[in-house]
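Residue-level structure breakdown
Okay, here's what each chain looks like letter by letter:
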Amino acid sequence: MNGSEKLYQLLEYLNISFEYLEHPAAPTIEIAKQYWKGHDAKHCKNLFFRNHKGNRHYLVILDCDCDMNIHSIEKQLHQGKLSFASEQRLMKYLALTPGSVTPFGLINDSEHHVRVFLDRNLQNAERLSFHPCINTASLIISKDDFVRFMDYTQNPYEWVELY
């Protein structure tokens, strides 16, 4: 079973409804934006980092229109020096490939290793959009259902001010 199939089974189990948008591969926000026109969801940028020692990993989720650099994120999160995690680490912890980073990959983190930081401004959105573990589609779900999904994963997460 691939990651998307596992995700859809979990969403059904949690009784989380979603809107499915199929589109060509969209490995970057700039490419994906052209396929999101006409939808009222707040689309999210998902960044996967590691700390300097490489023993901690973080998923940072922010508004796709937010243009933050890694140094700003380091200052906001107080986790020390961060760098983008390697393709191997992304596969090991979330079973995802570059260009498909999504909080839905947390279903593959059985040890709840990845800590998640969510942009507090996303709490104001009614609906959020993420890739479903592949970058050829986007799923739109309610913010409340997303919070239920996050609670289900048992990964530590917190809402933080990222601007």
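Here the structure is a predicted model, which is why all the values come from computation and not from measurement. (Residues numbered from 1 in each chain as written. Predicted model: local features only at pLDDT ≥ 70, side-chain atom pairs only at ≥ 80, totals over all residues. Heavy atoms only, no water.)

**So, the overall build of the protein**
- Within the protein, the regular secondary structure consists of 5 helices and 8 strands.
- Listed by position from the N terminus, the elements making up the protein come as α-β-α-β-β-α-β-α-β-β-β-α-β.
- The C-alpha atoms of the protein give 15 Å as radius of gyration, which agrees with the globular expectation for 163 residues (15 Å, within 12%).
- Seen through its principal axes, the protein has C-alpha atoms that stretch 40 × 30 × 30 Å.
- Each of the 163 residues in the protein was classed as buried or not, and the buried ones make up 49%.
- For the protein, restricting intrachain contacts to residue pairs at least 6 apart in sequence, the fraction spanning at least 24 positions comes to 66%.
- Here the protein has roughly 8400 Å² of accessible surface; of this, 47% comes from carbon and sulfur atoms. (Helix = DSSP H or I, 4+ residues; strand = E, 2+ residues; numbered from the N terminus. Rg over C-alpha atoms; globule rule 2.2 N^0.38 Å. Buried < 20%, exposed > 50% of the residue type's maximum accessible area, 1.4 Å probe, protein only. Contact = heavy atoms within 4.5 Å. Areas by Shrake-Rupley, 256 points an atom, 1.4 Å probe, with all protein chains shown as cover.)

**A word on the side chain of His 43**
- Mapping His 43 onto the fold places it in strand S2 (residues 42–51).
- Exposure remark for His 43: the relative accessible area of 7% places this residue in the buried category.
- Only 3.1 Å separates the side chain of His 43 from the side chain of Ser 129, close enough to count as a polar contact.
- Beyond its immediate stretch of four places on either side in the chain, His 43 contacts Trp 36, Leu 62, Asp 63, Cys 64 and Ser 129. (Polar contact = N/O pair within 3.5 Å; in protein donor to acceptor, adjacent residues only side chain to side chain.)

**Here's the deal with the packing of aromatic side chains**
- Evaluated as defined, the whole model comprises 8 aromatic pairs.
- Aromatic side chains Phe 130 and Phe 146 sit 4.8 Å apart centroid to centroid with 25 degrees between the ring planes, which places their arrangement in the stacked category. Taken together, the positions of Phe 130 in strand S6 (residues 127–130) and Phe 146 in helix H5 (residues 143–153) put the pair 16 residues apart, joining distant regions of the chain. The exposure classification of Phe 130 matches that of Phe 146, with both residues buried.
- Of the aromatic side chains, those joined through ring pairs into one cluster are Phe 104, Phe 130, Phe 146 and Phe 149. (Phe/Tyr/Trp six-rings, centres within 6.5 Å; stacked < 30°, edge-to-face > 60°.)

**What to know about the environment of His 39**
- The residue His 39 is located in the loop between helix H2 (29–33) and S2 in this model.
- A sequence separation of 99 residues divides His 39 from Ser 138, and the C-alpha atoms of the two residues are 11 Å apart.
- Ignoring any residue separated from it by four or fewer positions in sequence, one finds His 39 in contact with Glu 19, Leu 21 and Ile 140.

**Here's the deal with H5**
- Those residues of H5 not exposed but buried are Lys 143, Asp 145, Phe 146, Phe 149, Met 150 and Thr 153. Along the long axis of H5, the arc covered by the buried residues comes to 155 degrees, so they all point the same way. (Arc of directions from axis to C-beta.)

**Focus: the state of the cysteines**
- All chains considered together, the criterion is met by 0 disulfides.
- Among the cysteines around Cys 44, which has no disulfide bond, Cys 64 carries the closest sulfur, lying 7.5 Å off.
- Note on Cys 44: relative accessible area 4%, which makes it buried.
- Of the residues examined, Cys 64 reaches a relative accessible area of 8% and is grouped as buried. (Disulfide = S-S within 2.5 Å.)

**With respect to unusual backbone geometry**
- Even without a glycine there, the phi angle at Asn 15 is positive, about 60 degrees.
- Among the secondary structure elements, Asn 15 is positioned in the loop between helix H1 (3–13) and strand S1 (19–22).
- The phi dihedral of His 112 falls on the positive side, at around 55 degrees, and the residue is not glycine.
- Within the secondary structure, His 112 sits in the loop between helix H4 (87–94) and strand S5 (115–119).

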